[in-house]
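The chain contents come next:
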Amino acid sequence: MALTSNAQWPEDLATSILLRLPVKSIIRFKCVSTTWRRFFDNPSFVSRHLSISKKNQRILVDYTDEYDDKIVFRMFHDTTLATFDDWLPQLLALGNGSFCVHDGLVCVCDLEFRILLWNPATREVRFLPEYYTDIKRRRYLTFAGFGSDPILNEYKVIYFVKNIKPYKTPLLPSMRGAVYKMSTDSWRELKREELEMLEEKVFHDNTNAFVNGVDYWVVSDYDSCKVRKYEYNVVAFDIRKEVLQLIEWPHIPHTQQNAWGDLVIIPDIDRISLWISDSYMGSHTSNHDLWVLSEQGQYWTKLLTIGPLLETTSSL
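Residues numbered from 1 in each chain as written. Predicted model: local features only at pLDDT ≥ 70, side-chain atom pairs only at ≥ 80, totals over all residues. Heavy atoms only, no water.

In the annotation of an unreviewed UniProt entry, the chain is listed under the name F-box domain-containing protein and assigned to Hibiscus sabdariffa.

What follows is the structure, given as structure tokens:
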């Protein structure tokens, strides 16, 4: 695809320059011609530009505006936190909705069971086709994950729906799930036997993490939640194979059995990690352990321990 008509500017040189432009400039240059628009929209260019852009570390956080109770996303331009932009998406009734981030794209789920993919850099939004149209807000909980197939460069959304009042709809399964494929703009329903391992599980809010082609969540047994003696697991979903896996919790001391765990991503390790802390369990001291999952997802290895640390409380 010819980008230049001047022989003094080889196309590979022009491409190299364009790959290093900020997103705002690329959006403007799409108006130059149809040829340039097609070039910038080409998946190969998008993938290469993303690879270069990843070297620029940015931080996205969300918070609730204290005046109008709306969700605001704040993007810090670098790790110094000196400059930032605020975005106030007025597209969804977010409330206590959830979101997950991958490759600079944000997957947002609202309380009305709507899902969208949002690119903060370009302000472009894609609403996903509605899938579960027969569910009621007060009877179901929803959980989502977002990631890409590293081989086929295919973006997918995995969407779970948990019936918290199954006795009112005994003919429907308590857990349902579907996978959205961006290239076809369509959903695939997961079979009941694929979800059988999750029937008695409860997903924990805001625990989703994506590493090396796999989405992860922290879950616990439903019965253990009712008596506050949590029995945790990690659920893994292979984006390319579209297969679920239930991973055991690390073998930790009995005194830490109820300790909460957060999924974390450590740069350069390229494997999911688990930060387990017992700081909220009523003790005057706390311990914090960092565990790393093996490449096959079969066992955890403790990477480090911080503690015991003296707990402090505020009287304010």
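With respect to the packing of aromatic side chains
The criterion, for reference: Any two of the Phe, Tyr and Trp rings considered here, Trp counted by its six-membered ring, make a pair once their centres fall within 6.5 Å; the pair's planes then place it as stacked at under 30 degrees, edge-to-face at over 60, or tilted in between. Helix numbering and strand numbering both begin at the N terminus, where a helix is a DSSP run of H or I of at least 4 residues and a strand a DSSP run of E of at least 2.
Counted by the stated rule, this structure contains nine aromatic pairs. Taking the centre distance of 5.4 Å and the plane angle of 55° together, the rings of Y180 and W187 count as tilted. Measuring from centroid to centroid gives 5.9 Å for F203 and W217, while their planes differ by 75°, and the two rings are edge-to-face. Taken together, the residues F203 in strand β12 (residues 201-203) and W217 in strand β14 (residues 214-221) connect sequence positions 14 residues apart.

Quick word on the pattern of salt bridges
A side chain with one charge can pair with a side chain of the opposite charge if their charged atoms come near. Operational definition: Whenever Lys or Arg places a side-chain nitrogen within 4 Å of a carboxyl oxygen from Asp or Glu, that contact is recorded as a salt bridge. Working definition: with a 1.4 Å probe on protein chains only, accessible area under 20% of the residue-type maximum means buried, over 50% means exposed, and in between means partly exposed.
Under the counting rule described, the total for this entry stands at five salt bridges. Of the charged contacts, one joins E194 and R188 as a salt bridge, the two residues approaching to 3.7 Å between their closest N and O atoms. For E194, a relative accessible area of 24% puts it in the partly exposed group. As a salt-bridge pair, E242 and R188 come within 2.8 Å of each other at their nearest N and O atoms. Pair noted here: E242 is in the loop between β15 (232-238) and β16 (243-248) and R188 is in strand β11 (residues 186-189), with a separation of 54 residues, a long-range link. What makes R188 partly exposed here is its relative accessible area of 31%.

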